[in-house]
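Structural overview for review
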Amino acid sequence: MPLVIAMDGPSGSGKSSASKGVARALGLRYLDTGAMYRAMTWWMLRAGVPVEDAEAVAARAGEPVIESGTDPDAPTIAVDGTDVSAAIRTREVTNAVSAVSAVPRVRERLVALQREIIGAGGIVVEGRDIGTVVAPDAPVKIFLTASEEARAARRARDLAADPGATVTVTRAEQARRDRLDSTRAASPLARAEDAHEIDSTELTLDEVIETVVRLAKDAS
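Here's what I pulled together on the structure shown here. This structure is a prediction, so every number in the text was calculated from the model and none was measured.

Describing the nonpolar core
- Ranked by size, the top nonpolar core spans 36 residues in total, and within it M40, M44, I77 and V106 carry the most contacts.
- Where this core is concerned, the elements lending two or more residues are β1 (4–8), α2 (33–46), β4 (77–79), α4 (91–101), α5 (104–118), β6 (123–127) and α6 (130–134).
- When residues of this core are assigned to their parent elements, the largest contribution, eight residues, is made by α2.
- Ignoring anything within four residues of it in the chain, the contact list for I77 reads A35, M36, A39, I66, E67, S68, T82, D83, V84, S85 and I88.

Quick word on α2
- Taking 1.5 Å of rise per residue, 14 residues should cover 20 Å, and α2 covers 20 Å from first to last C-alpha, within 8% of that figure.
- Within α2, eleven of the 14 residues are buried, which leaves it mostly tucked inside the rest of the structure.
- Within α2, the full set of buried residues consists of T33, A35, M36, Y37, R38, A39, M40, T41, W42, W43 and M44.
- Its side-chain oxygen at 3.0 Å from the backbone nitrogen of G34, D32 defines the N-terminal cap of α2.
- The positive-phi residue at the C-terminal boundary of α2 is G48, with phi of around 75°.

Examining the packing of α2 against α4
- Close contact between α2 and α4 brings their axes to 8 Å; oriented N to C, the two are set at 100°. With respect to each other, α2 and α4 are oriented roughly perpendicular. Contacts between α2 and α4 involve Y37, R38, M40, T41, W42 and L45 from the first element and E92, V93, T94, A96, V97, V100 and S101 from the second.
- Class assignment for the residues of the contact of α2 with α4 results in eight nonpolar, three polar and two charged.

What about unusual backbone geometry?
- In this structure, D80 is a non-glycine residue whose phi angle is positive, near 50°.
- Note that D80 resides in the loop between β4 and β5 (82–83).

Notes on the pattern of salt bridges
- All told, the structure shown has six salt bridges when counted by the stated rule.
- Note that E63 is salt-bridged to R60, the shortest N-O span being 2.9 Å.
- A salt bridge links R107 to D129; the shortest N-O distance between them is 3.0 Å. You can see R107 sitting in helix α5 and its partner D129 sitting in the loop between β6 and α6, a full 22 residues away along the chain.

Considerations on the environment of A74
- Inspection of the secondary structure puts A74 in the loop between β3 (66–68) and β4.
- We classify A74 as partly exposed; its relative accessible area is 42%.
- Expressed as a C-alpha distance, the spacing of A74 and K20, which sit 54 residues apart in the sequence, is 9.6 Å.

Criteria and thresholds
- Residues numbered from 1 in each chain as written.
- Predicted model: local features only at pLDDT ≥ 70, side-chain atom pairs only at ≥ 80, totals over all residues.
- Heavy atoms only, no water.
- Core = buried A, V, L, I, M, F, W, Y, C linked by side-chain atoms within 4.5 Å.
- Buried < 20%, exposed > 50% of the residue type's maximum accessible area, 1.4 Å probe, protein only.
- Helix = DSSP H or I, 4+ residues; strand = E, 2+ residues; numbered from the N terminus.
- Contact = heavy atoms within 4.5 Å.
- Expected span 1.5 Å × (residues − 1).
- Polar contact = N/O pair within 3.5 Å; in protein donor to acceptor, adjacent residues only side chain to side chain.
- Axes fitted to C-alpha atoms, helices over the stretch in contact; angles between N-to-C directions.
- Parallel < 35°, antiparallel > 145°, perpendicular 65-115°, else oblique.
- Nonpolar A, V, L, I, M, F, W, Y, C, P; charged D, E, K, R; others polar.
- Salt bridge = Lys/Arg side-chain N within 4 Å of Asp/Glu carboxyl O.

Just geometry here; none of it tells us what the structure is for.
In structure tokens form, the structure reads like this:
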């Protein structure tokens, strides 16, 4: 059975860096499901769809063609053939993605795409509902977390080019996202009962990667 590692956790916990590092260490593919929801959100904003209107979002959720690359050294995300890897990381998209990702029709479509990619072979998949919904049978499930302060500082560094993205502002926006993602009716952010919880607050990236690799080898 191909090795599937489900990596869940809130924003700023270090999922992306850790997931790519684990994929490289184990020779696996990598999938950022959050980028898929961001890509959908980017398309909705560009199309002028009011993202707080769930019915409007649902009505057009089947239109964009979203393609995800799975190379951990060069992950890509494209919408209708256009590379949106940078465009989806803006604060505009970040602050709208929770509303779009809460729409059941959006989740149904993207979960189907995610499962199709997962089915092609060994992979590390990061997101918020991988261990609970997308791949509940994954042999290795991780729930990666960190303190609010650490997560806000990391996210602010990611948005360093935006002068408005101070740690204080980022922490407030992050708290709002955490609340929305954890309380939505469709596939909320949650730790799978059989997931290994790792607090990355005081750990280096290498230590997180080593921990997950060890768990994966123990499970194989």
